[in-house]
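Reading the structure
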Amino acid sequence: MRTVFVTVGTTSFDDLIGSITCPQNVQALKARGYERLVLQTGRGSIVPAADSCPDVRLEAYRFKDSIAEDIKQADLVISHAGAGSCLEALEAGKPLLVVVNDKLMNNHQLEMARQLHKDSHLLYCTCSTLTETLRTMDLSVLQPFLPGQPKNFANFLDKALVYSQSAEKLEQQA
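These lines cover the structure that appears in this document, whether it is placed above or below.

Calculation rules
Residues numbered from 1 in each chain as written. Predicted model: local features only at pLDDT ≥ 70, side-chain atom pairs only at ≥ 80, totals over all residues. Heavy atoms only, no water. Helix = DSSP H or I, 4+ residues; strand = E, 2+ residues; numbered from the N terminus. Buried < 20%, exposed > 50% of the residue type's maximum accessible area, 1.4 Å probe, protein only. Contact = heavy atoms within 4.5 Å. Areas by Shrake-Rupley, 256 points an atom, 1.4 Å probe, with all protein chains shown as cover. Pairing = 2+ DSSP bridges. Axes fitted to C-alpha atoms, helices over the stretch in contact; angles between N-to-C directions. Polar contact = N/O pair within 3.5 Å; in protein donor to acceptor, adjacent residues only side chain to side chain. Salt bridge = Lys/Arg side-chain N within 4 Å of Asp/Glu carboxyl O. Disulfide = S-S within 2.5 Å.

Here we take up the overall build of the chain. From N to C terminus, the chain includes seven helices and six strands. If you list the helices and strands of the chain from N to C, you get β-α-α-β-β-α-β-α-β-α-β-α-α. Out of the 174 residues in the chain, the part that is buried amounts to 45%. For the chain, the share of sequence-separated contacts (at least 6 apart) that also reach a separation of at least 24 residues comes to 60%. Total accessible area on the chain stands at roughly 9,200 Å², and carbon and sulfur atoms take up 51% of it.

Across the five residues that make up strand S1 (residues 3–7), a large majority, five, are buried. Covered by surrounding structure in S1 are Thr3, Phe5 and Thr7 together with Val4 and Val6, the residues of both alternating faces. With five bridges connecting them, S1 and strand S2 (residues 36–40) associate as parallel partners. What sits directly across from Val4, in S2, is Leu37. Of the pairings in the sheet, the one linking S1 to strand S4 (residues 76–79) comprises four bridges and is parallel in character. When the bridges of S4 are listed, Thr7 appears paired with Ser79.

Moving on: the sheet that holds strand S6 (residues 123–126). Strand order in the open sheet formed by six strands is S3-S2-S1-S4-S5-S6, with parallel pairing between adjacent strands. The open sheet has two free edges, formed respectively by strand S3 (57–61) and S6, since each of these has just one partner strand. Direction aside, neighbouring strands of the sheet carry axes that sit 15 degrees apart on average. Where helix H4 (residues 83–91) meets the sheet, it contacts S1, S4 and strand S5 (96–100), and its direction lies at approximately 170 degrees from that of S5.

A separate point is the side chain of Asn101. Looking at where Asn101 falls in the secondary structure, it is placed in the loop between S5 and helix H5 (108–118). Of note is the side chain of Asn101, whose polar atom sits 3.0 Å from the backbone nitrogen of Lys103.

What follows concerns the pattern of salt bridges. Applying the stated criterion to the full structure yields five salt bridges. The closest approach of N and O atoms between Glu59 and Arg36, which form a salt bridge, is 2.8 Å. Pair noted here: Glu59 is in strand S3 and Arg36 is in strand S2, with a separation of 23 residues, a long-range link. For Arg36, a relative accessible area of 13% corresponds to the buried category.

Its location among the elements puts Ser19 in helix H1 (residues 14–20). The contact partners of Ser19, leaving out residues within four places of it in the chain, are Asn25, Cys127 and Leu130.

Before going further, it helps to examine the state of the cysteines. Within the structure shown, the criterion is met by zero disulfides. The thiol sulfur of Cys125 is not disulfide-bonded, and the nearest other cysteine sulfur, from Cys127, lies at 7.4 Å.

Although it is not a glycine, Ser120 adopts a positive phi angle of roughly 65 degrees. If you trace the backbone, Ser120 turns up in the loop between H5 and S6.

Structure follows, in structure tokens:
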């Protein structure tokens, strides 16, 4: 059974949970052959009931000690743009669609998603563009992220954070 695993990490990202379970996005997943949707909802206020998406088999939970097994079983991972969640999915060799929370201030997550997309490791969108992305995404363009290189990932994050902090300082000075 083709499975999509959605994770928000330890955060709250109700917009993603609400968006992925809306009828048009469930239909877009179904049209691509996905039949099972597993949601890790974190600290959010939305935990959909198993019968809330009749077109797919839905499972939802807040937290587990490890999401490694859910990632391993997934044919597609949809994640918030948290570094830990992205790295875990990429190192597992899973196709990754990152949904950036565009409501966050000083959004270094957007910079990270852009760079990893530029390097062809993932696709990214926002909740407002998720439906179109699910309908048109081409997972075959994704290139493997070489596991065992967390230092490269950490170096990238350092650069993204420095850039983000520098931009913030410039905004404050203006």
